[in-house]
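One letter stands for each residue in the lines below.
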Amino acid sequence: MMAEHATGFDLPRLERIGEHLERNYVGPGKIAGCQIAVARRGAPAYSRSFGSMDLERDKPMRDDAIFRIYSMTKPITSVALMMLYERGYFQLNDPVHRYVPSWRNHRVWVSGEGEDLVTERPRRPVSFRDVLSHTAGLTYGGGLPGVGIQHPLDKAYRALRIRSSDTTDTMVEFMDKLAQVPLRYHPGERWMYSLATDVCGALVEIISGRPFADFLREEIFEPLGMVDTAFHVAPDKVDRFCANYQRGPDKALKLIDDPETSHFTRDPAFKSGGGGLTGTTADYMRFCEMLRRGGEMDGVRILGPRTLEMMHMNHLPGGKDLTQLAIGTFSETANEGVGFGLGFASTQGVVETGALGVGDYYWGGAASTIFWVDPKEDMTMVFMTQLMPSGTFNFRGQLKNLIYSAIVE
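No experiment lies behind these values; they were computed from the predicted model shown.

Reading guide: rules and limits
- Numbering of residues begins from 1 in every chain and follows the order in which that chain's sequence is written.
- Confidence filtering applies because this is a predicted model: local features only for residues at pLDDT of at least 70, side-chain atom pairs given and counted only at 80 or more, and all residues used for totals across whole chains, interfaces and linings.
- Water and hydrogen atoms were dropped before computing side-chain values, which therefore reflect all heavy atoms in the structure.
- The helix and strand labels rest on DSSP assignments: H or I over at least four residues marks a helix, E over at least two residues marks a strand, and numbering proceeds from the N terminus.
- Three exposure classes are used, based on accessible area relative to the maximum for each residue type with a 1.4 Å probe and protein chains only: buried under 20%, partly exposed in between, and exposed over 50%.
- By definition, residues are in contact when any of their heavy atoms lie within 4.5 Å.
- Any carboxyl oxygen of Asp or Glu that lies within 4 Å of a side-chain nitrogen of Lys or Arg is treated as forming a salt bridge with it.
- Strand pairing is assigned whenever DSSP identifies at least 2 bridges connecting the two strands.

A. Main features of the overall build of the protein. Regarding its fold elements, the protein presents 13 helices and 17 strands. Overall, the C-alpha framework of the protein stretches about 65 × 45 × 40 Å when taken along its three principal axes. Put simply, the protein has 409 residues, and 57% of those count as buried. At a minimum sequence separation of 6, the contacts of the protein that also span at least 24 residues come to 69%.

Listed below in structure tokens is the structure:
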């Protein structure tokens, strides 16, 4: 079978993607609908929409549908903070307390809870590298989907109402609250999925002196033409906003966030750098293409190529993978053969992961959205759906095998 000249894909093999999604997910009603886009060598190779964006209103998936991207906000926030790194505001090993004095007071949890809490001084302060790579000692405070309170420190997060759903904290107030809760472990010694990227967003605002949302809009979204990416869905775009679902005990889809009444239709007081954005597949592909091109898109440079290359290196201590360092039961990645950089997970080994492709960097969102960028294969991929929580199905592994097995040159 001849490969398509521009992309090096066997195009009939790429059609297996749609066959797989329809046969295994959309047709049986395991997801309402989805969207996928694949590009290689800067050229579109595959782009399709499947199923419904709103079952209750019988609306087919639109090509310009708007999704809750949740933790796919994290790479965008990380890029924003690294833009300030390039402008000389900090070095990776600098302590965060340079900009947030209350962070000089951190303690590390040893044992106990409440009045019996035992803590000790950290072996070193939390650094910018730590918050960019989830090695700071922070947690999600029991706020992860389907996880709840699992550790004594979760109760401390709850007591201070850190990142509660109705929070009106300023970025400085959020940071000062985090300074009051002991760290789960000594900075740089373990990995735990956490509020660290919300910290990165707060640092963008504190360091730049500009509201975080304004910084993203003016420095990333507008330059890249990401016209539909924002912290809330504007009234004139709500008809393009997808419904969000969860599988019930009977495996049937249950509506958990109606697009017409969703809190995402209201501008939030706290702009979450860890999970607050909504956007389209087309917008996120523009962000990914900027990454693939080494930080530049359509003549606009967001980051330098060497900075970006450093970001998707494995920054885990000793070059270890997440199986050796991760604490906790939830994240948007598996652990085997996976390293972590400054805002991205990265595939370290094909054998360990059991999926095709190595050297790609990626992340996902709580509603089962995923993306990856592969410098070796010169490829980008974005997959959008709205099913909570992520990890219900291994979309990443399945799609990797379908896509990489279609590369023939």
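B. The arrangement of the pattern of salt bridges in detail. The final tally for this structure, using the stated rule, is 31 salt bridges. With its nearest N and O atoms 2.8 Å apart, the salt bridge here joins arginine 210 to glutamate 219. Residue arginine 210 is classed as partly exposed on the basis of its relative accessible area, which comes to 23%. Look at glutamate 219 and you get buried, because its relative accessible area is 18%. The shortest N-O distance in the salt bridge between aspartate 228 and lysine 237 comes to 2.8 Å. A network of salt bridges, in which partner residues are shared, links Arg87, Arg210, Asp214, Arg217, Glu218, Glu219 and Glu222.

C. Geometry of the side chain of threonine 369. Within the fold, threonine 369 resides in the loop between β14 (361–364) and β15 (370–374). Residue contacts for threonine 369: discarding those within four places in its chain leaves Arg68, Ile69, Met72, Gly364, Phe383, Met384, Thr385 and Gln386.

D. Region of the structure containing the sheet that holds strand β17 (residues 387–388). Spatial ordering of the open sheet is given by β8-β7-β17, a layout of three strands whose pairing is mixed. The sheet is open, and its two borders are formed by β8 (253–257) and β17, each paired with just one other strand. As defined by bridge partners, strand β7 (residues 244–247) adjoins β17 across two bridges and the pair is classed as parallel. Bridging from a neighbouring strand, glutamine 246 pairs with methionine 388 of β17.

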